[in-house]
Amino acid sequence: MTLAPRAVLVHRRTQWQELLDRHGTRGQAAFFLSSRGRDAEDVESRHEATQRAIATVTSAIPPDWRRGMIERADLPRFLFEPGDIVVAIGQDGLVANLAKYLSAQPVIGVNPLPAVNPGILVPHAPDAIAALLGKAVRGQATDTEELTMAEVRTDDGQSLHGLNEIYVGHPSHQTARYSLRLPDGAAEHQASSGVIISTGTGATGWARSAWLERHSTLVMPAPAEQRLAWFVREAWPSPLTRVSLTEGSLVTGAVMTIVVESDRLVAFGDGVEGDAVNLTWGQTVAVGVASQTLRLLR
């Protein structure tokens, strides 16, 4: 028997919900906000707008479909099915947090606060979901963008994906020591604040700060382009370490290798430091374009 389609709604707890968890009552939460010059009504109204968006999306799911709802914090423990249609309701960053847990499932991004969120990865209004769900399940969603992801693999079998970028460096952003080897064979020992490996989706974020700061002429990739841009942060010259290899591109099949020369480094994706791969002295890390992409319905 064929299972009915399943729509999985992904969201994160609002700031108002987190304040109520911490302070217990609306009055205490409002007092806390006012003591810091903020208006409780503004925070609460954003919460209510998000809840309305969730309700609108939920009601748009056909009654004969299966459905699931998952908070961002529970994503590592949730098992997505291959045929799921995933609806992310929230900020653009929610889609980035979600991407590494998927394997080709289509994602529909819903923006509950268009006056607040840019909506680059969550471009849809809540009331557009009914039509999009129908197109997705029938395979008629022609405007689908395959967003490139970055991948890091370690020599002991660990792996990590990032939709925006991957950072390799010291966990507290102190000096990281390692040797860097590029696909063309160029290599050098480096001491720096870490390496940022960016996709086209992340090219307007963390990597752009490095690109602007050094007045780089490197052409940044587009979101669907199978190419990454990488930057070494604050490379430091010394009798052992060099600063000649500090930026470049990686195309599909090209791998940059980092050999750890510190007691501990980490690799994490999309700014989620709590979900990092720990690296020890002598360990080898390979970074490149991931075979996995994010299927975003536009």
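Residues numbered from 1 in each chain as written. Predicted model: local features only at pLDDT ≥ 70, side-chain atom pairs only at ≥ 80, totals over all residues. Heavy atoms only, no water.

1. Focus: the pairing of strand 10 (residues 195-198)
Piece 1. Every second residue of strand 10 is oriented toward a common face, with Val195 and Ile197 on one face and Ile196 and Ser198 on the other, all of them buried.
Piece 2. Across four bridges, the pairing between strand 7 (residues 165-169) and strand 10 is antiparallel. Following the sheet pairing, Tyr167 is matched in strand 10 by Ile196. (Buried < 20%, exposed > 50% of the residue type's maximum accessible area, 1.4 Å probe, protein only. Helix = DSSP H or I, 4+ residues; strand = E, 2+ residues; numbered from the N terminus. Pairing = 2+ DSSP bridges.)

2. Describing the packing of helix 1 (residues 15-23) against helix 2 (residues 26-34)
Piece 1. Their axes nearest at 8 Å, the elements helix 1 and helix 2 cross at an angle of 110°. In this view, helix 1 runs roughly perpendicular relative to helix 2, as classed from their interaxial angle. Residues Trp16, Leu19, Leu20, Arg22 and His23 of helix 1 form the contact with helix 2, whose participating residues are Arg26, Gln28, Ala29, Phe32 and Leu33.
Piece 2. Considered class by class, the residues forming the contact of helix 1 with helix 2 number six nonpolar, two polar and two charged. (Axes fitted to C-alpha atoms, helices over the stretch in contact; angles between N-to-C directions. Parallel < 35°, antiparallel > 145°, perpendicular 65-115°, else oblique. Contact = heavy atoms within 4.5 Å. Nonpolar A, V, L, I, M, F, W, Y, C, P; charged D, E, K, R; others polar.)

3. Points about the sheet that holds strand 12 (residues 247-251)
In sheet architecture, strand pairing relies on hydrogen bonds along the backbone and comes in two forms, parallel and antiparallel.
Piece 1. Spatially, 12-11-10-7-14-15 is the arrangement adopted by the six strands of the open sheet, whose pairing is antiparallel. Either end of the sheet is taken by a strand with one partner, and the two such strands are strand 12 and strand 15 (277-280). The average undirected angle you get between the axes of adjacent strands in this sheet is 20°.
Piece 2. Pairing of strand 14 (residues 264-269) with strand 15, which is carried by four bridges, proceeds in the antiparallel orientation. Paired with Ala267 across the strands is Val277, a residue of strand 15.

4. A short note on the packing of aromatic side chains
Piece 1. Scanning the model with the defined rule gives three aromatic pairs in all.
Piece 2. With 4.8 Å between their ring centres and 75° between their planes, Phe78 and Phe80 make a pair best called edge-to-face.
Piece 3. Between Tyr167 and Trp206, the aromatic rings sit 5.4 Å apart at their centres with planes inclined by 25°, giving stacked as the arrangement. Separated by 39 residues along the polypeptide, Tyr167 in strand 7 and Trp206 in helix 6 (residues 206-213) bring together distant segments of the chain.
Piece 4. In this structure Tyr167 comes out as buried when scored by relative accessible area, which is 0%. (Phe/Tyr/Trp six-rings, centres within 6.5 Å; stacked < 30°, edge-to-face > 60°.)

5. Comments concerning the nonpolar core
Side chains of nonpolar character tend, in soluble globular proteins, to be buried together.
Piece 1. Within the largest apolar cluster, 27 residues are counted, with the highest numbers of intra-cluster contacts made by Leu180, Ile197, Trp230, Met256, Ile258 and Leu279.
Piece 2. When sequence neighbours within four positions are dropped, the list of residues in contact with Ile258 reads Val168, Tyr178, Ser179, Leu180, Val195, Gln283, Thr284 and Val285.
Piece 3. The next biggest cluster of nonpolar side chains, apart from the first, holds 22 residues, and it includes Val10, Ile70, Val86 and Leu294. (Core = buried A, V, L, I, M, F, W, Y, C linked by side-chain atoms within 4.5 Å.)

6. A few points about unusual backbone geometry
Piece 1. Notably, His215 is not glycine yet its phi reads approximately 50°, a positive angle.
Piece 2. Here Asp270, not a glycine, exhibits a phi torsion of approximately 55°, which is positive.
Piece 3. Topologically, Asp270 is positioned in the loop between strand 14 and strand 15.

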